[in-house]
Amino acid sequence: MRSKIIIFLVSAVTIPSGILIGVFVKNYPFLTLKTEIGIVEGLSFFLTLGLAVFVPFMVKRWIDDDRFVKIYLIQELEELISLLKKDIVTIESCYKAKQVTDEDKDVINFNTHLVDLKIESFIEQFNIAYPRNSKIVEDIKNKNLAYHHFLTGGDFMNSSFVMDLKFFKQFRAENSKTISGIKVIIQSIQKL
Amino acid sequence: MNIEDKIIIRSDFTENPGARYKSDGLFSGEEFLEKLLEDKFIKAKKNNYTLLIDLDGVWGYPSSFVSGSFGKLSLKYGSDTVLNFIEFKSDDSQIRKEKIISEIKNPRKS
């Protein structure tokens, strides 16, 4: 509705203005219109017109493409953060119950698998958009490895493991550190 | 070298790997190493062929399992030797394959 009003107003102003300018130019002697134009002048006019339309369009498209690529990459990382937050739910439930069942361990293991898949999806897309930037890829892989070692490389996976406050605090710290690290990567992507 | 033997972890062992040692519970890395991995690795090394390890269809490999199996194998025989005779297949996830290879190259002593 609003765009229709704008179109109407623009038409209502430009069409009568164009007619008035045409009549004015035709009927007043101090303004003469040369009706012949040279080929070079004509080409120059169309070239200028083309550049005036084409260049802003291409620049806008280039900016938008880059913006959308970053949006998609950041979305992948935000989904990764959501997956890492699922570990908090599982571990908190184990801490409240003061026990870790085999099912809890399977849930954690499966979530690490999903985290790996999400990181791979991110890396595939990132490498297409920014093929010469390996630092971010290595950074996220290292963060994933460190977190994976902490969560599944220690006593948590043992059948005799007893969930205590010490482990719970260590886990929360490690999980928080990993999530913060990913948020820093998000900022780095914004600056690319 | 040709692939002449393989271990499909999901069907030959488990789809839910456990912890590091047998004392830590079922389907540990140590159990996998003793029941399957080491014998097949030794055979592959003796007869100069590649042992293929299929990692697909398993819902996550705990770091302790990897350390207790592949890591321990690497500590015993050397990472270069292990990687010379073992090849990994992982259509599900390249990152999981990289994690295991990383453990072989830098095995943790525990």
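Residues numbered from 1 in each chain as written. Chains lettered and ligands numbered in written order. Predicted model: local features only at pLDDT ≥ 70, side-chain atom pairs only at ≥ 80, totals over all residues. Heavy atoms only, no water.

A.B. asks: Run through the overall build of chain A, naming residues and quoting values.
C.D. replies: The number of helices and strands found in chain A is 5 helices and 0 strands. Computed over the C-alpha atoms, the radius of gyration of chain A is 31 Å, more than 25% above the 16 Å expected from 2.2 N^0.38 for a compact globule of 192 residues. Taken along the three principal axes of its C-alpha coordinates, chain A extends 105 × 40 × 20 Å. Within chain A, the proportion of its 192 residues that are buried is 32%. Carbon and sulfur atoms make up 66% of the accessible area of chain A, which totals about 13,100 Å². Counting 24 positive and 22 negative side-chain charges, chain A places the centres of these two groups 9 Å from one another. (Helix = DSSP H or I, 4+ residues; strand = E, 2+ residues; numbered from the N terminus. Rg over C-alpha atoms; globule rule 2.2 N^0.38 Å. Buried < 20%, exposed > 50% of the residue type's maximum accessible area, 1.4 Å probe, protein only. Areas by Shrake-Rupley, 256 points an atom, 1.4 Å probe, with all protein chains shown as cover. Lys, Arg positive; Asp, Glu negative; His and termini not counted. Charge placed at Lys NZ, Arg CZ, Asp CG, Glu CD.)

A.B. asks: Give me the packing of helix α2 (residues 39-97) of chain A against helix α3 (residues 102-129) of chain A: which residues, what numbers.
C.D. replies: All names here are of chain A. For the pair α2 and α3, interaxial distance at closest approach is 10 Å and the crossing angle is 170 degrees. Of the possible angle classes, the one that applies to α2 and α3 is roughly antiparallel. When the residues that make up the contact of α2 with α3 are grouped by side-chain class, the tally is 17 nonpolar, 4 polar and 6 charged. (Axes fitted to C-alpha atoms, helices over the stretch in contact; angles between N-to-C directions. Parallel < 35°, antiparallel > 145°, perpendicular 65-115°, else oblique. Nonpolar A, V, L, I, M, F, W, Y, C, P; charged D, E, K, R; others polar.)

A.B. asks: I'd love a proper account of the interface of chain B and chain A, names of residues and values included.
C.D. replies: With 24 residues of chain B at the contact, the number on the chain A side is 20 residues. Carbon and sulfur atoms make up 51% of the surface buried where chain B meets chain A, a total of about 1,700 Å² over both sides. Summed over the shared surface of chain B and chain A, the result is 2 salt bridges. Inspection of the chain B/chain A interface yields 14 residue pairs in polar contact (both at pLDDT 80 or more). Of all the secondary-structure elements, those providing two or more residues to the side of chain B that touches chain A are α3 (63-77) and α5 (94-105) of chain B. (Contact = heavy atoms within 4.5 Å. Buried area = accessible area lost by both parts, 1.4 Å probe. Salt bridge = Lys/Arg side-chain N within 4 Å of Asp/Glu carboxyl O. Polar contact = N/O pair within 3.5 Å; in protein donor to acceptor, adjacent residues only side chain to side chain.)

A.B. asks: For α2(A), give the residues involved together with the corresponding values.
C.D. replies: Residues lying three or four places apart along an α-helix face the same way, a consequence of the helix completing one turn every 3.6 residues. Look at α2(A): 86 Å from first C-alpha to last across 59 residues, which is about the 87 Å you get at 1.5 Å a residue. Where α2(A) terminates, the next one or two residues include A:Lys98, which has phi positive at roughly 60 degrees. (Expected span 1.5 Å × (residues − 1).)

A.B. asks: Which residues make up the pattern of salt bridges, and what values go with them?
C.D. replies: With the rule as written, the count across this model stands at 19 salt bridges over all chains. A salt bridge links A:Lys143 to A:Asp139; its shortest N-O distance comes to 2.8 Å. In this pair, A:Lys143 and A:Asp139 are both assigned in helix α4 (residues 135-152), 4 residues apart and thus about one turn of the helix distant. With a closest N to O distance of 3.9 Å, B:Asp92 and B:Arg96 form a salt bridge. Under the relative-accessibility criterion, B:Asp92 is labelled partly exposed at 31%. Assessed through its relative accessible area of 3%, B:Arg96 is described here as buried.

A.B. asks: Give me the confidence of the model for chain B: which residues, what numbers.
C.D. replies: For any part of a model where pLDDT is low, the fine detail of the predicted coordinates should not be relied upon. When pLDDT is averaged along chain B, the result is 94, and 99% of the positions lie at 70 or above. For this predicted complex, the interface score ipTM comes out at 0.88, alongside a pTM of 0.78. (pLDDT = per-residue confidence, 0-100.)

A.B. asks: Describe in detail the pairing of strand β2 (residues 50-54) of chain B, supporting the description with residues and values.
C.D. replies: Residues and elements named next belong to chain B. Among the 5 residues that make up β2, 5 are buried, leaving the element largely enclosed by the rest of the structure. Relative to strand β3 (residues 86-89), β2 runs parallel, the two sharing 4 bridges. Looking at the pairing, Leu 52 lines up with Glu 87 of β3. (Pairing = 2+ DSSP bridges.)

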